[in-house]
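Descriptive analysis of the structure
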Amino acid sequence: MNDMRQMTALGRSIEDGSFTIIDQEAGPHEFRLDEWEVVRRVIHATADFEFKTLMRFHPDAVRAGVAALQGGCPLLVDVKMISAGLNEERLSSYGCKVHSFISDEDVIATAKANNSTRAIEAMKKAHRLNLLDGAVVAIGNAPTALLEVVRLIREEGAKPALIIGVPVGFVSAAESKDVTLELSTPYIVARGRKGGSPIAVAIIHALLLLSAKVSA
């Protein structure tokens, strides 16, 4: 199993150099060491230092995410772009399986019939299949998916292990993150309009790297 880092000496030196620059330019911060591992990987993926001010962590977020991944939890994502960017070898080594239902025919049909969104119906389907409880849920694209996860927690007792709420956009994106911050469920959120699938992938990879350190 590879350790998810660059495979060549040159690649590793470039990556290490990038993180050194990020640490220097970011300056002082109030994140815990494990939280900073997540934040700086997000900055590394975006070259955007504003994420230093946007990232929010539930106190148990990193611990809960690492423990869930090491335990082989389901990984529920809103769009397939996230699953395409993930390290399949590391996930499979823990027994984690990635689930995305947004393109399923029944999800599309139900969304049309209910004048809903595919993202909402995909989260409902995950809950019906008992995939939300204990899962790491990563939302990078669809604010309605994040809002539906919040509703499922509040109204139907869903119990994900961790919510990664980083949808990008202009309609309900910031609002969906703000309501996530009100939950007692562990969360990692990027406040405001910024986000996207690459951010979700970066956060998951940071958690996987932290899990590898814990296992070492």
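Since the model is a prediction, treat every value here as computed from it, not as a measurement.

Core analysis: the biggest nonpolar cluster contains 70 residues, and Met-55, Phe-57, Ile-82, Ile-164, Ile-203 and Leu-207 have the highest contact counts within it. For this core, the element with the most residues is helix α11 (residues 197–215), which contributes ten residues. For Ile-82, the contacting residues outside a window of four places in its chain are Val-77, Ala-138, Gly-140, Ser-197, Ala-200, Val-201 and Ile-204.

Remember that side chains alternate between the two faces of the sheet whenever the strand is regular. For strand β2 (residues 74–77) and strand β3 (residues 97–99), the ladder comprises three bridges, and the chain directions are parallel. Following the sheet pairing, Pro-74 is matched in β3 by Lys-97. Sheet analysis places β2 next to strand β4 (residues 136–139), joined by three bridges and oriented parallel. Residue pairing in the sheet places Leu-75 in a bridge with Val-136 of β4.

Residues annotated by UniProt as "domain: Cobalamin biosynthesis precorrin-8X methylmutase CobH/CbiC" (unreviewed entry) correspond here to residues 14–208. Secondary structure over residues 14–208 splits into 56% helix and 11% strand, and the C-alpha atoms at its two ends are 20 Å apart.

With that settled, the discussion passes to helix α1 (residues 9–26). When the terminal C-alpha atoms of α1 are compared, their 26 Å separation across 18 residues agrees well with the 26 Å that a helix rising 1.5 Å per residue should span. Listed as buried for α1 are Gly-11, Glu-15, Phe-19, Ile-22 and Ala-26. End-on, the buried residues of α1 take up no more than an arc of 70°, which puts them together on one face. Exposed and facing more than 90 degrees away from the buried side of α1 are Ala-9, Leu-10, Ile-14, Gln-24 and Glu-25. Just downstream of α1, Gly-27 is the residue with a positive phi angle, here 75°.

Calculation criteria
Residues numbered from 1 in each chain as written. Predicted model: local features only at pLDDT ≥ 70, side-chain atom pairs only at ≥ 80, totals over all residues. Heavy atoms only, no water. Core = buried A, V, L, I, M, F, W, Y, C linked by side-chain atoms within 4.5 Å. Buried < 20%, exposed > 50% of the residue type's maximum accessible area, 1.4 Å probe, protein only. Helix = DSSP H or I, 4+ residues; strand = E, 2+ residues; numbered from the N terminus. Contact = heavy atoms within 4.5 Å. Pairing = 2+ DSSP bridges. UniProt positions renumbered as here; feature names shortened; annotations may be inferred. Expected span 1.5 Å × (residues − 1). Arc of directions from axis to C-beta.

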